[in-house]
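# Observations on the model geometry
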Amino acid sequence: TPDLGRWLSLGLALLTVAMLQLWRGARSGNGGLTLCALSRTLPLDESEKMRSKRLYRLLRNPALDGTEMTPLLVRLALGDHPRGWIPIVVDQTTIRGTQVIMAGVRVAHRVLPVAFVCYEYETIRKSQNLIEESLLLLIAACLPPGCKPVFVLDRGYARASLLRQLRTLNLPFVVRGRSNTMVRVDGKRLSLGRLRHRAGRARRYAQAAYQDAAQEPVDIVVFHDRTFKEPWFLLVPADSTAQLPTDDIVSLYRERMHIELTFRDWKTHLGVRGLRLEVDAAPRLGRLLLALSIAYLLAVLLGAGPPAARV
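Scoring rules and cut-offs
Residues numbered from 1 in each chain as written. Predicted model: local features only at pLDDT ≥ 70, side-chain atom pairs only at ≥ 80, totals over all residues. Heavy atoms only, no water. Helix = DSSP H or I, 4+ residues; strand = E, 2+ residues; numbered from the N terminus. Contact = heavy atoms within 4.5 Å. Polar contact = N/O pair within 3.5 Å; in protein donor to acceptor, adjacent residues only side chain to side chain. Disulfide = S-S within 2.5 Å. Salt bridge = Lys/Arg side-chain N within 4 Å of Asp/Glu carboxyl O. Buried < 20%, exposed > 50% of the residue type's maximum accessible area, 1.4 Å probe, protein only.

## Here's the deal with the environment of Asp219
Mapping Asp219 onto the fold places it in strand β9 (residues 216-223). Expressed as a C-alpha distance, the spacing of Asp219 and Pro231, which sit 12 residues apart in the sequence, is 16 Å. When residues no more than four places from it in sequence are discounted, the contact partners of Asp219 are Arg204, Tyr205, Ala206, Gln207, Leu234, Leu235, Val236, Pro237, Ala238, Asp239, Ser240 and Thr241. Among the polar contacts listed, one links the side chain of Asp219 to the side chain of Arg204, at a separation of 3.2 Å. A polar contact of 3.3 Å, which involves the side chain of Asp219, links it to the backbone nitrogen of Asp239.

## Here we look at the state of the cysteines
Scanning the entire structure with this criterion turns up 0 disulfides. No disulfide involves Cys142; its nearest neighbouring cysteine sulfur is the one of Cys147, lying 12 Å away.

## Here's the deal with the pattern of salt bridges
Taken as a whole, this structure holds 15 salt bridges when the rule is applied. Taking the shortest distance from any N to any O, the salt bridge between Glu46 and Arg54 comes out at 2.9 Å. The partner of Arg159 in a salt bridge is Glu132, with the nearest N and O atoms 2.8 Å apart. Of the two residues, Arg159 sits in the loop between β4 (147-153) and α6 (160-168) while Glu132 sits in helix α5 (residues 128-142), which places them 27 residues apart along the sequence. Under the relative-accessibility criterion, Arg159 is labelled buried at 13%.

Here it is, written out as structure tokens:
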């Protein structure tokens, strides 16, 4: 657990409680979340002006870093003694022009956020690829002993350099490829979209070479559900049939769909779509999302537990 200090820990706890309080009732502004509403809901016996100042000081504090809280969020989401493979779903969304990359684990038909990073294209100092790769390494390092991640990624992450890095670090992955990407299968050069498959049945092509220039070794699993417009072309480590059976790969990628429910919760039900941050939007949004993530984890875990079923 990071040492945030007494006052910073207190501020984060107050903000988390304020989030939970706001979710209990109706909000103005078509349900949008506002800083004024958050400051008014802080559980403090202070004037509205003092609570507002407290909130703004907290959002300006650079010591409140979401990456340092990742081990705590992982432990909260997974429980005390997790074991085995842990699917980590990663995707990107936009909140009021700020890019948010979020990684999480699936619990109760939601992907619970355990790590995220916020940035703006106009002020980015590092490449987006480096930001994404650093986030994946952070999560892998924060998992408890006895656990190993399986990264489940969409088409935006299907670049050979990332697959090579994950292979070098011995980190399994399931990445959806783009249909127009060139591969080599059994000595033939063709696009992913031309791989033969049968609707409703997954087909695996072992020891393929991904992308013309990189020639990254992978296995390719093609699956076309009859209800989908187009098939999935899923890239996994080469010769990983024993580690990642074909049917398990399809099931793992299905879990990625639950992250869309999480983003909908954030933006619509929890009101993040209504946030207006005019100054230092990316770091301030990151600090707000940290409190929101803790509150969201608590709400989903409590709602999925035995007491909630009895209620």
